[in-house]
Amino acid sequence: MSLGISIYYLLQGNTLLAGAFLIVACFLPWWDVYGNYVPYLQGKKEFGILTRYETGAVILNAVAIVGIVF
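Cut-off values and rules
- Residues numbered from 1 in each chain as written.
- Predicted model: local features only at pLDDT ≥ 70, side-chain atom pairs only at ≥ 80, totals over all residues.
- Heavy atoms only, no water.
- pLDDT = per-residue confidence, 0-100.
- Helix = DSSP H or I, 4+ residues; strand = E, 2+ residues; numbered from the N terminus.
- Buried < 20%, exposed > 50% of the residue type's maximum accessible area, 1.4 Å probe, protein only.
- Contact = heavy atoms within 4.5 Å.

A word on the confidence of the model for the chain
Mean pLDDT over the chain stands at 87; residues scoring 70 or higher make up 96%. By mean pLDDT, the top-scoring element of the chain is helix 1 (residues 2–12) (94), and the lowest-scoring one is helix 3 (residues 37–43) (83).

Here it is in structure tokens:
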């Protein structure tokens, strides 16, 4: 979807939005995969591993946001 929107804006001459949606199109599949392990680990009753993964993900997101802001 984001790739199609990116192409649309590129054809309309708006390279700024085209680039932004292209970046979103590159990272969106990884975002969807991110949440698939939660139900799996809950079903396996691996709450310790789940807690470590969730903590790591929150820290990684915080570092990324702070890095983007600066």
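Picking up after the structure, the text goes on.
Let's talk about the environment of Glu 54
In this structure, Glu 54 sits in helix 4 (residues 47–69). Of the residues examined, Glu 54 reaches a relative accessible area of 28% and is grouped as partly exposed. As a C-alpha pair, Glu 54 and Ile 5 span 49 residues in sequence and 31 Å in three-dimensional space.

Some details on the environment of Ala 25
Turning to its location among the elements, Ala 25 is positioned in helix 2 (residues 15–34). Measuring from C-alpha to C-alpha, the distance between Ala 25 and Lys 45 comes to 34 Å, with 20 residues separating the pair along the chain. In this structure, Ala 25 is in contact with Ser 2 and Leu 3, ignoring residues within four places of it in sequence.

Some thoughts on unusual backbone geometry
With a phi close to 60°, Lys 45 is a non-glycine residue in the positive phi region. With respect to the secondary-structure elements, Lys 45 resides in the loop between helix 3 and helix 4.

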